[in-house]
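Breakdown of the fold
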Amino acid sequence: MRGRDREWRHVDGLLRVLRRGAGGTLLVDGEPGSGKSRLLAEAVAEASECGIGVVRGRVEELGEVAPCGMLLEALDLRSEPEAGDAAARFGPPALERLRAGFEQLATSPVLAALDDLQRADPVTLRTLHSLHDRLANWPIGWMMSRSTVPDGGQAVSLFDILEREGADRVTLAPLSPDAVAALTQDTLGRSPDPATRALVAAAGGNPLLITELFAGLREEGLLGDAARARVPDRLRMVVRRWIDTLSAEARSLMETIAVLGRSLSLEHAASLLDTTPAALLPVTEEATAAGILLVTEHGLTFRHELVGDVVAAGIPSSVRQTLLDQSGVLMGSERPGSAGLLTGPASSDIDAAVASGRLDEAEQMVRGRLAEHGSVYGVAELRCLLADTMYLTGRGEEAIREAETVLAVPGLPRHVRERATLVHLYATVRLREDVGSRSFAQEVIDGTDRYGPAARTAALVALATAERHAGRLTGALALAESAGRLAAADAPEDRRYEACLATVAVLVDIHRLDEARTMLRQARKDMFGHGHLAWAADASALEARLELLAGRFDDAVTQANRALDLAGALITPLSAAAARAVLAAVALRRGDLQGVAHHVAEQPGGTAEARFRHALLSAQLAEARDGPRIAMPLLAELPRPLLLSMEPAAGPWMVRVALAAGDRAAAEHVVAAAEALGRANHEFPTLAAAAAHARGLLDGDRDALALAAGRTEDVWARASAEEDLGMLLSTAGQRVAAAESLDRALGLYHDIGALRDSARIRQRLRGMGVRHRHWSYAERPVSGWDSLTETEHAISLLAADGWTNPQIAEQMFISVHTVAFHLRHVFRKLSIRSRVELARLAAEQSRDASPCGGRGARVARSRGDDYSAGGCARETPGPGSEM
């Protein structure tokens, strides 16, 4: 049991006494969820393993049906009806029956584990005390537990009496931070993401809250998904059971505290609830006796912050707004500039920590000050800072909720409203597809007197993002550039990067890569020069995407891995999701399906854009592995305007898959969407070329394919269009023109390292009687993994994955005999005799290499297709998947 070593020593001591043939007593106290029942269960299991007899009893939540019912049931004795009242009926006769029952079992050592005695009937408790006295000389180990909530009652008296008589007593405290960290590591098998870590910290070391939190996150598929991590329904049920037994007045008090902050004075709470502090005292005592609230020097607060979060999340927004409005009226004397606001080092230290990327430290500073601050405006400012750290660490929904709570406070100081506004806008546009953010952004831009440059910059970025998602890239670029100019002129230095990164994202979409690279590198230089590292991982992830589109796969992998390293160090998971999408795309281009599967195995999370890319990559992986018909259902879920504006080359791939699956109607829908996007953005040739490529595939139009190959600025897309054109010309019998087109495609594929695409073209050229020398010489050792050639390496990996020789031949565009020839060389060089040994060596090698880098990258390129190897590229003209 994690964190319970001290308590277990007491249990172990009791069991040692029993093994010696003596008796003893261990009393266990603790708050709800502290692990009392788990401790008793572990003691029972240990006793059973040691050959000690066991008697188990537990008082159910609704109490006992009859006095001593729990004891009688534990001993498997029936309750005998007798005349008289309960005390008489369960007096000496019942006591003697119970004594005899225990004595019959205690001919050898027995552990009597009795749980939840706070619910026991007073007669049961008095009987238990009598039994404890009368059986003192028998080898019985009494292990009794009770909840410290509610405090008081006869169970407390029994425990106090037994302790005075010599019983050992242990109280289960909350788990220490080290124990919580170890429990989290045990449960997840890894370190938690920031969102999960924050939820666990809010549990205050309560084992039940922590275990139910993890169980609920796992049930809802939220473990490791920083963008969507939230309180699961399973945990809500636990908290609901705790508070449903309280009076309506106590629940109202808890809801008020949950909405208004971490603590609330009794006087303020009474004013909000339209009562007096004296009248509120019984309600306060009820809530504290139930273990939900605590009374501190700063006022009333939740014993466990997580419980407060659950309560707050269950309150309708209209009710929250009413409470905040009422609170603002009552605190009307508190105005900007008063002592209630954070000034000087109090806020600048947190700001500096946020900007420098020390986000975990910043959040701890905020939470520490929230526990000490009683001012409405001070709490609002702190919650605004908390929202900023939540947004940057990927907890979008929490950030939005905190920002909305702050913005609902009347009379906010301008700088607090400014920051809450920009956090709300950035979190909404990055993490949601929320049409409401556009109207809010427009309201901010129109309210120039009310909002400063930082909020107006955020509003322009929000509008630019909305235009981009709608496929209107001209407007998106203009708005993003306006945001950049405003940020450079007037916004705080550390809030300029969002506007810059938004502009770069649009420039990458429209393939103005040199301009995007220059802007991005200047921004990164500025970030590192000023120590503003919170956005550094975002910049590296964007540069990785830029290098991918430029056809520089190795550089893309380098930048993506740098983004992952920075995201891990800075705890900024939004950029990690974008980086994994690039790594998956590179693996797909190179034909490394294991690499693709590795990178898309993560739950889809991060920004809306990253989730869409994940969906596309999952569809492409399904098509590559299982063919176009399997991919079609996934294709139907892809958002076309947004996807085709971000990934123009996906359009031709979707058309090719739909045609191969026999779904011409779906292909026509994709072509229509691509052409509409091209018309709306006619000044950007990449979009027009993608639309022409899609149309050429649908109609078998050579002119459209030639136009696509000539106009696109994407090197891989140009090769793809040339290949499709070559196959169409070959089908039409124009052998010379087909060979020329395929030869151009071969050169482009070769230049960017898409060797499997190159292999496919060579096979097609060989079928037309055209041959190319394509081998190269390299210094290699004579044996071992590094002695394998590119082709041997690729074949060995496929064989290690369980592919048969015919399957490998089909994937590699070579004959079965050639596969067998290469495998003989592989076995000789590796000194092995079976595919089992080959699989073991390949697994060892994969653990030592990055999925897309180093030696693994060379292997991947030798297999690299973008990849209709699983289906449509073999069935219809044209290359495989695009990304």
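Not measured: the values here are computed from a predicted model. (Residues numbered from 1 in each chain as written. Predicted model: local features only at pLDDT ≥ 70, side-chain atom pairs only at ≥ 80, totals over all residues. Heavy atoms only, no water.)

**Here we look at the overall build of the protein**
We count it as follows: Comment: elements are numbered from the N terminus, with helices defined as DSSP H or I runs of at least four residues and strands as E runs of at least two. Relative accessibility thresholds used throughout: buried, under 20% of the residue-type maximum; exposed, over 50%; partly exposed, between the two (1.4 Å probe, protein chains only). The contact criterion used is simple: two residues touch if any of their non-hydrogen atoms lie within 4.5 Å. The Shrake-Rupley method, run with a 1.4 Å probe, gives the accessible areas here. Residue values count only the displayed protein chains as cover.
Helix and strand counts for the protein come out as 46 helices and 8 strands. Looking at the protein residue by residue over its 883 residues, the buried ones come to 56%. The contacts in the protein between residues at least 6 apart in sequence include a share of 69% that link residues at least 24 apart. When the accessible surface of the protein is totalled, it reaches about 35,400 Å², and 52% of it is carbon and sulfur.

**Topic: the packing of aromatic side chains**
Spelled out, the test is: For Phe, Tyr and Trp, rings pair up if their centres lie within 6.5 Å, where Trp contributes its six-membered ring, and each pair is then called stacked (planes under 30 degrees apart), edge-to-face (over 60) or tilted (otherwise). The criterion is that NZ of a Lys, or CZ of an Arg, lies within 6 Å of the ring centre and within 35 degrees of the ring normal, and then a charge sits over that ring.
In total, this model carries 4 aromatic pairs according to the counting rule given. When the centroid spacing of 5.1 Å and the interplanar angle of 55° are considered together, the rings of Phe102 and Trp142 count as tilted. One end of the pair, Phe102, is in helix H5 (residues 92-105); the other, Trp142, is in strand E4 (residues 140-147), and 40 residues separate them in sequence. Between Tyr391 and Tyr426, the aromatic rings sit 6.1 Å apart at their centres with planes inclined by 15°, giving stacked as the arrangement. Residue Tyr391 is located in helix H19 (residues 376-392), and its partner Tyr426 is located in helix H21 (residues 414-431); the two are separated by 35 residues in the primary sequence. Each of the two residues, Tyr391 as well as Tyr426, counts as buried. Above the plane of the ring of Phe159 lies Arg146, whose end atom (NZ or CZ) is 5.8 Å from the centre. A cation over a ring is seen here: Arg417 above Tyr451, with NZ or CZ 5.7 Å from the ring centre.

**A look at the packing of helix H27 (residues 536-549) against helix H29 (residues 573-589)**
The description of two helices packed together rests on the angle between their axes and the distance between the axes. Formally: Angles shown run from 0 to 180 degrees and are taken between the N-to-C directions of axes, each axis being a line fitted to C-alpha atoms and, for helices, limited to the stretch in contact. Orientation is classified from the angle alone, with under 35 degrees giving roughly parallel, over 145 giving roughly antiparallel, 65 to 115 giving roughly perpendicular, and any other angle giving oblique. Handedness of a helix crossing follows the sense of rotation of the near helix relative to the far helix, less than a right angle counterclockwise being left-handed and clockwise being right-handed. Gly falls in the polar group here, along with every residue not listed as nonpolar (Ala, Val, Leu, Ile, Met, Phe, Trp, Tyr, Cys, Pro) or charged (Asp, Glu, Lys, Arg).
Following both chains from N to C, one finds H27 and H29 inclined at 20°, their axes separated by 8 Å at the closest point. By the angle between their directions, the pair H27 and H29 is classed as roughly parallel. The interaxial crossing formed by H27 with H29 has left-handed handedness. Counting all contacts with H27, which are made through Ala537, Asp538, Ala541, Ala544, Arg545 and Leu548, the residues of H29 involved are Ser575, Ala578, Ala579, Val582, Ala585, Val586 and Arg589. Among the residues making up the contact of H27 with H29, the classes are represented as 9 nonpolar, 1 polar and 3 charged.

**Some thoughts on the layout of surface pockets**
Put simply, the test is: Buriedness of a pocket was judged along seven lines, with at least five required to meet protein on both sides within 12 Å; pockets are open sets of points on a 1 Å grid over the protein atoms alone, cavities are sets where a 1.4 Å probe fits but cannot get out, and lining residues have an atom within 4 Å of a point. Grid points are joined across faces, edges and corners, and a volume is the space filled by probe spheres set on the points.
Considering only enclosed or pocket space, the largest pocket measures out at about 1,200 Å³ in volume. Taken together, 44 residues form the lining of the largest pocket, with Pro32, Gly33, Lys36, Arg119 and Trp242 sitting closest to its centre. Secondary structure elements with two or more residues in the lining of the largest pocket: helix H2 (36-49), helix H6 (122-134), E4, helix H7 (154-164), helix H10 (207-219) and helix H11 (233-243). Looking at the lining of the largest pocket residue by residue, the classes come out as 18 nonpolar, 14 polar and 12 charged.

**Points about empty space enclosed by the protein**
If you walk through the whole model with that rule in mind, you get 8 cavities of 30 Å³ or more. Each pocket or cavity is described by its volume, and for the largest cavity that value is around 610 Å³. As for the largest cavity, its lining consists of 32 residues, and the residues nearest its centre are Arg430, Arg468, Ala505, Thr607 and Glu609. Sorting the residues of the lining of the largest cavity by element identifies H21, helix H23 (453-469), helix H25 (497-509), H27, H29 and helix H31 (608-626) as the ones contributing at least two each. A per-element tally of the lining of the largest cavity places H25 first, with 7 residues. Classifying every residue of the lining of the largest cavity by side-chain character gives 20 nonpolar, 4 polar and 8 charged. Roughly 140 Å³ of volume is contained in the second largest cavity. Considering the residues around the second largest cavity, the lining is formed by 19 residues, among which Pro648, Ala649, Thr686, Asp714 and Ala717 are closest to the centre. Taken together, the elements giving at least two residues each to the lining of the second largest cavity come down to H25, H27 and helix H36 (685-699).

**Quick word on the side chain of Ser645**
As for its placement among the helices and strands, Ser645 is situated in helix H33 (residues 640-646). The exposure class of Ser645 is buried, given its relative accessible area of 0%. If near-sequence neighbours (up to four positions away) are discounted, Ser645 is found in contact with Arg468, Gly471, Leu473, Asp509, Leu677 and Leu687.

**Observations regarding helix H43 (residues 816-830)**
Under the convention used in this document: The length a helix should cover is 1.5 Å for every residue beyond the first. Starting at the helix axis, one direction is taken to each C-beta atom, and the arc is that of these directions.
A rise of 1.5 Å per residue sets the reference length of H43, with its 15 residues, at 21 Å; its end C-alpha atoms lie 21 Å apart and thus fit the reference within 8%. Of all the positions in H43, only Val819, His822, Leu823, Val826, Phe827, Lys829 and Leu830 are classed as buried. The arc enclosing the buried residues of H43, seen along the axis, measures out at 165°, which places them on a common side. Summarising the geometry of H43, the exposed residues directed more than 90 degrees from the buried face are His817, Arg824 and Arg828. One or two positions beyond H43, positive phi appears at Ser831, with a value near 55°.

**Considering the sheet that holds strand E5 (residues 168-172)**
Applied cut-off: Two strands pair under a simple rule: DSSP has to find at least two bridges between them.
Pairing is parallel in the open sheet, where 5 strands are placed in the order E2-E3-E4-E1-E5. In the strand order of this sheet, the two ends are held by strand E2 (53-58) and E5, each with one partner. Strand after strand, the sheet turns through a mean of 15° between neighbouring axes, direction not considered. Along the sheet, helix H1 (residues 5-19) makes contact with strand E1 (24-30), strand E3 (110-115), E4 and E5, crossing E5 at roughly 150°. Those strands touched by H2 are E1, E2, E3, E4 and E5, and its axis lies near 165° from that of E3.

**Quick notes on the nonpolar core**
Considering soluble globular proteins, one finds that nonpolar side chains tend to be buried as a cluster. The line we're drawing: Nonpolar cores are built from buried Ala, Val, Leu, Ile, Met, Phe, Trp, Tyr and Cys residues. Side-chain atoms within 4.5 Å join them into one set.
Ile350, Leu425, Leu635, Met654 and Val655 are the most contacted members of the largest nonpolar core, which totals 99 residues. Considering every element that reaches this core, the biggest residue donor is H25, with 10 residues. Those residues in contact with Leu635, other than ones at most four positions away along the chain, are Ala619, Trp653, Met654 and Val657.

**Digging into H31**
Across its 19 residues, H31 extends 27 Å between first and last C-alpha, which sits within 8% of the 27 Å expected from 1.5 Å per residue. For H31, the tally of buried residues reaches 14 of 19 residues, placing the bulk of the element in the interior. Directly beyond the C-terminal end of H31, a positive phi value near 100° is found at Gly627.

**Overview of unusual backbone geometry**
For Asp76, which is not a glycine, the phi torsion comes out positive at approximately 60°. On the secondary structure map, Asp76 appears in the loop between helix H3 (69-74) and helix H4 (86-89). Despite not being glycine, Ile571 shows a phi value in the positive range, around 60°.

**Comments concerning the packing of helix H41 (residues 790-800) against helix H42 (residues 805-812)**
At their nearest, the axes of H41 and H42 sit 10 Å apart, and the two run at 135° to each other. One finds that H41 runs oblique with respect to H42. Along this stretch, H41 crosses H42, giving a crossing that reads as right-handed. Residues Thr791, Ala794, Ile795, Leu798 and Ala799 of H41 touch H42, and the partners they reach there are Ile808, Gln811 and Met812. Classifying every residue of the contact of H41 with H42 gives 6 nonpolar, 2 polar and no charged.

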